[in-house]
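The residues making up each chain are set out below.
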Amino acid sequence: MYKIIGEISSGKFNCINNSCFGVCRFNFDFTRLSGCFDSFFSNRQRQYISALTDPSVYCATVSVYVLNAAEMKKAFGKTSNAKTILKKMKDLLERNHAVDTSLYKALKENSEDSYNCIREILDEAKNELEDELYHDVIGLFSTIFFDTILFGVYLHNGSKYYPDGIYLCPENILDECRRCEGRISIDDLMVSVLVHEYTHFLHINSIGSYKRLIGNNKICRSAVLETVAESIEALFIRDKLSYSCFEWIQKHSEGNKKMFPGWGYKGWSIIEKYCSFNDFYEEELIAKIIALSLKDWKDAYVFINTIYELNLLHQQRTAGCP
């Protein structure tokens, strides 16, 4: 069961219950979540999210809870759509009489383990399929998402069992630090996750009416929200935390060759890559995405996806240079 450990209002984290006995399998001083978190949202770094800081939202209070790993998965875990999407790709190739292609042969496996194999074959498939069909195949493949280990969640429309608020999973955060073999401290990762989820709180509530986030394409909508939150988290880490932690967020955003929008966190990687060969600051593009999303998340998605396509075009051009 969840346990409340703090509240955030006006960018200030207030620890109101430092005990998480029975929820986590280790002791953590949650008062450590303040300090650099507070200064990021109250000083000059606030310019990064100026479009999000509607006074009524920024001054609102959001509760922060903790859950153990089992409860986190049960409450908020999502089942991967990989098998369903891979089958749709296979059916699409069959309808277009493209069953002699290497891509179709790989798709006959139809398992999540096929993802990396198919990801490698996609470039070859471009030479085997007509342009329109190839575009449709890529479009389907890019919407695949996987089960992920949840470090935190912001819940907007809660229930009597799980009220509105930010949910952190210290167990999963600790395990991730161990996987990094001590290069990242639990303090750093815990506060960066809190920044990510608090950004969701500001973003979603600044949109005004949650109904404006509703649409048929939940994957693309989620990609916009994750692009903003992952980007603000990355800026926070770059400004406040260790370089090892910044390397971690870059790797997490890249997603081991996972594709956007299925891997919505890739939005930060897309922004960072575009700025590396253009005269833009990441903050400028993030502010633009936020501004668009407050009016229509679909426009924000088109903007991110256009940057993504420009990155791919730049990659193709540079690959062809001697």
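Heads up: these notes are all about the structure in this document. These figures come from a predicted structure and were not determined experimentally.

### Things to note about the pairing of strand β4 (residues 152-155)
Then, number 1: Here β4 shows a buried face lined by Gly152 and Tyr154 and a second buried face lined by Val153 and Leu155.
Then, number 2: As defined by bridge partners, β4 adjoins strand β5 (residues 165-168) across four bridges and the pair is classed as antiparallel. Looking across to β5, one finds that tyrosine 154 is bridged to isoleucine 166.

### Digging into the side chain of serine 231
Then, number 1: Locating serine 231 in the fold gives a position in helix α10 (residues 218-240).
Then, number 2: Not counting the four nearest positions on each side in its chain, serine 231 is found in contact with Glu226, Trp268, Ile271 and Ile286.

### Section: the sheet that holds strand β1 (residues 3-9)
Then, number 1: In spatial order, the strands read β2-β1-β3-β5-β4; together these five strands make up an open sheet with mixed pairing. Looking along the sheet, the strands with just one partner apiece sit at the ends: β2 (12-15) and β4. Pairwise comparison of adjacent strand axes, ignoring direction, gives a mean angle of 25° for this sheet.
Then, number 2: Across the face of the sheet, helix α3 (residues 69-76) comes into contact with β4 and β5 while running at roughly 45° to β4.

### Notes on helix α14 (residues 297-319)
Then, number 1: Compared with an ideal rise of 1.5 Å per residue, which puts 23 residues at 33 Å, α14 spans 33 Å between its outermost C-alpha atoms and is within 8% of the ideal.
Then, number 2: When α14 is considered as a whole, its buried residues turn out to be Trp297, Ala300, Tyr301, Ile304, Asn305, Ile307, Tyr308 and Asn311.
Then, number 3: Two or three places before lysine 298, at the opening of α14, aspartate 296 has a side-chain oxygen 2.9 Å from that residue's backbone nitrogen.

Conventions and cut-offs
- Residues numbered from 1 in each chain as written.
- Predicted model: local features only at pLDDT ≥ 70, side-chain atom pairs only at ≥ 80, totals over all residues.
- Heavy atoms only, no water.
- Buried < 20%, exposed > 50% of the residue type's maximum accessible area, 1.4 Å probe, protein only.
- Helix = DSSP H or I, 4+ residues; strand = E, 2+ residues; numbered from the N terminus.
- Pairing = 2+ DSSP bridges.
- Contact = heavy atoms within 4.5 Å.
- Axes fitted to C-alpha atoms, helices over the stretch in contact; angles between N-to-C directions.
- Expected span 1.5 Å × (residues − 1).
- Polar contact = N/O pair within 3.5 Å; in protein donor to acceptor, adjacent residues only side chain to side chain.

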